[in-house]
Amino acid sequence: MFNQQLNNNVSNTSPTKNIEPVIIPEKRHPISTNEIDIEALKVLYRLRDAGFSGYLVGGGVRDLYMGKRPKDFDISTDARPGQIRKLFRNSRTIGRRFRLVQVFFRGGKIIEVSTLRSQSEYDINGTDKLLASNNTFGTPAEDAFRRDLTINALFYEIESKTIIDYVGGVKDLDQGLIRIIGEPERRVTRDPVRMMRAIRHAARNDFRIEENTWKAITRNFDKLELCPRSRIRDEVLKDLTSGSSEPWARITLESGLFFTLFPFYREVIYQHVDSGRRSELLSLLSVVDRLYNTPEGDVRIDFPDYFILATLLVPLVEDHFDISSQRLKGPTHYRLSRKIRAVLDDVLGERYNLKRMAKEAMTTLLVNLSTFEQFSRKKNLPKWLRNKSYFPDCYRFYRVVSEARGGPQVDEDLFRIHRQGGRQDHIRRDGKGYKKNSSKGRKGVRPAFADKNKSVFGLRGR
Ligand code: ATP
Ligand code: MG
């Protein structure tokens, strides 16, 4: 009821003028100032000392409320960008349409400080032009209502240690509900990525999607086609690497949105219902999630983009070519690799703007599933295979796939090597190229599908 009122309000012409927030005092919420990043606190105190308001906002408040460690601590204030810049010498202004200030701290930490806004950049028609500031600055209430989900629109105020809630976000957090602020239909039409954001937070937190939000998603998911492909690609990769990709896939499949992101899966999953491709896909993603959710240690677990996309494509490629049960040699191996490459071009090439090297890398991972399957049955991987430049990558890939098929758990440490010693073993995450490793002291390593100097992966056998 409370939310209904708020939602009606936001759709009126002057929606937020008279809205009184719910204020949750310190003793009635679980957030403690000790959990807030020290640098974020410094920023908040300096704003306060200069006579400005300052709030912790967005995902940071949501995560702290749920007892999670936030990825970032964003701050909103009534200070204008120029005033913020003056307060923080080590800062810069960014943003094409809305300017916000990044404050830099030691160790590369960045705290983003934005002036309270009246509108979301995605709710405004027009070009990329910087918007006249007097049109866009707003009150805390307006800033809350321009946000995407109720749980993402909470403010935390350090002086009084209160949570300020204009949209019913605390209640939704308590009930485990994902609700788009305002009229979901209109908000997702303005920015279709909000559908992905709703599903993301439902998947990450095991929350339910509120009925009207769900209806808006199931009616409008095809509007994602209208968004820039680069934005969708980034959002998809965020979900695939979130540690909750399996629940994410379940919800996107159930809503139908999955098939807007990956139209080629419609046939594989629906027309061949009995083939188990859907559960194969979900099992693969569970392994990826398990790996992402292992404690980080000194080196973060990470996969390059092409690796994660290749994982996503295993059921498709198996459906087309039955690779794991093939016995490939010489020319048949090569021919199948070209067929897989053609499929990748077809299904992902333009849509995900994959670079040639990334597609080659994915092809190699996929086609070599057959090689690894063949040899691992004999429990003995031959030396020539171990010496291949692509061996470590293909081995990791094979182990992920085999765990998904009920095989032994793959060791997380295999996925920690990418950035050891600051070295990047793989094609960069954006797929734009790759760094070659020095091959000093690594004799006997033969590159795959490559010219004399370049290996496909920039990876050498160990
Ligand atoms: P994460 O933990 O992934 O960082 P987040 O909610 O903090 O989650 P961000 O992309 O960092 O996500 O966005 C910060 C905040 O900006 C969100 O919490 C939300 O309030 C707002 N926001 C982000 N995208 C949109 C959007 N498309 N429309 C409206 N508000 C948005
Ligand atoms: Mg964030």
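Because the structure is a prediction, the values reported are computed rather than measured.

A. Highlighting the packing of aromatic side chains. A full pass over the atoms with the stated rule returns 19 aromatic pairs. When the centroid spacing of 5.8 Å and the interplanar angle of 10 degrees are considered together, the rings of F262 and Y352 count as stacked. A residue pair is termed long-range when its members are at least 10 positions apart, and F262 in the loop between α13 (258–261) and α14 (265–271) and Y352 in the loop between α17 (330–349) and α18 (356–377) qualify at 90 residues. Between F372 and Y395, the aromatic rings sit 6.2 Å apart at their centres with planes inclined by 40 degrees, giving tilted as the arrangement. With a gap of 23 residues between them, F372 in helix α18 and Y395 in helix α20 (residues 391–404) connect regions that are remote in the sequence. Judged by relative accessible area, Y395 falls into the partly exposed class, the value being 22%.

B. Structural detail: the packing of α18 against α20. Interaxial distance between α18 and α20 falls to 9 Å at its minimum, and their mutual angle equals 75 degrees. Accordingly, the angle class assigned to the pair α18 and α20 is roughly perpendicular. Residues T364, L365, L366, N368, L369, F372, E373 and S376 of α18 form the contact with α20, whose own contacting residues are F391, D393, C394, Y395, F397, Y398 and V401. Broken down by class, the residue content of the contact of α18 with α20 amounts to 10 nonpolar, 3 polar and 2 charged.

C. Representation of the pattern of salt bridges in the model. Per the stated rule, a full pass over the model turns up 32 salt bridges. The salt bridge partner of R290 is E412, with a shortest N-O separation of 3.3 Å. Remark: E412 occurs in the segment after α20 and R290 occurs in helix α15 (residues 277–292); sequence separation between them is 122 residues. Each of R277, E280, E318, D319, E373 and R405 takes part in one network of salt bridges that share partners.

D. Inspection of the environment of R187 at higher detail. The residue R187 is located in helix α8 (residues 184–190) in this model. Using a relative accessible area of 6% as the deciding quantity, one classes R187 as buried. Spatially, the C-alpha atoms of R187 and A216 are 9.1 Å apart, while their sequence positions differ by 29 residues. Excluding residues that lie within four positions of it along the chain, R187 makes contacts with S120, D123, F145, R146, R147, D148, I180, I181 and R194. Separated by 2.9 Å, the side chain of R187 and the backbone oxygen of R146 make a polar contact.

E. Examining the pairing of strand β3 (residues 74–77) more closely. Judged from the 4 bridges that link them, strand β2 (residues 54–57) and β3 form a sheet pairing that is antiparallel. Residue pairing in the sheet places Y55 in a bridge with S76 of β3. Direction of pairing for β3 relative to strand β6 (residues 110–115): parallel, over a ladder of 3 bridges. Paired with S76 across the strands is S114, a residue of β6.

What counts, and at which threshold
Residues numbered from 1 in each chain as written. Chains lettered and ligands numbered in written order. Predicted model: local features only at pLDDT ≥ 70, side-chain atom pairs only at ≥ 80, totals over all residues. Heavy atoms only, no water. Phe/Tyr/Trp six-rings, centres within 6.5 Å; stacked < 30°, edge-to-face > 60°. Helix = DSSP H or I, 4+ residues; strand = E, 2+ residues; numbered from the N terminus. Buried < 20%, exposed > 50% of the residue type's maximum accessible area, 1.4 Å probe, protein only. Axes fitted to C-alpha atoms, helices over the stretch in contact; angles between N-to-C directions. Parallel < 35°, antiparallel > 145°, perpendicular 65-115°, else oblique. Contact = heavy atoms within 4.5 Å. Nonpolar A, V, L, I, M, F, W, Y, C, P; charged D, E, K, R; others polar. Salt bridge = Lys/Arg side-chain N within 4 Å of Asp/Glu carboxyl O. Polar contact = N/O pair within 3.5 Å; in protein donor to acceptor, adjacent residues only side chain to side chain. Pairing = 2+ DSSP bridges.

Function cannot be read off these values alone, since they describe shape.
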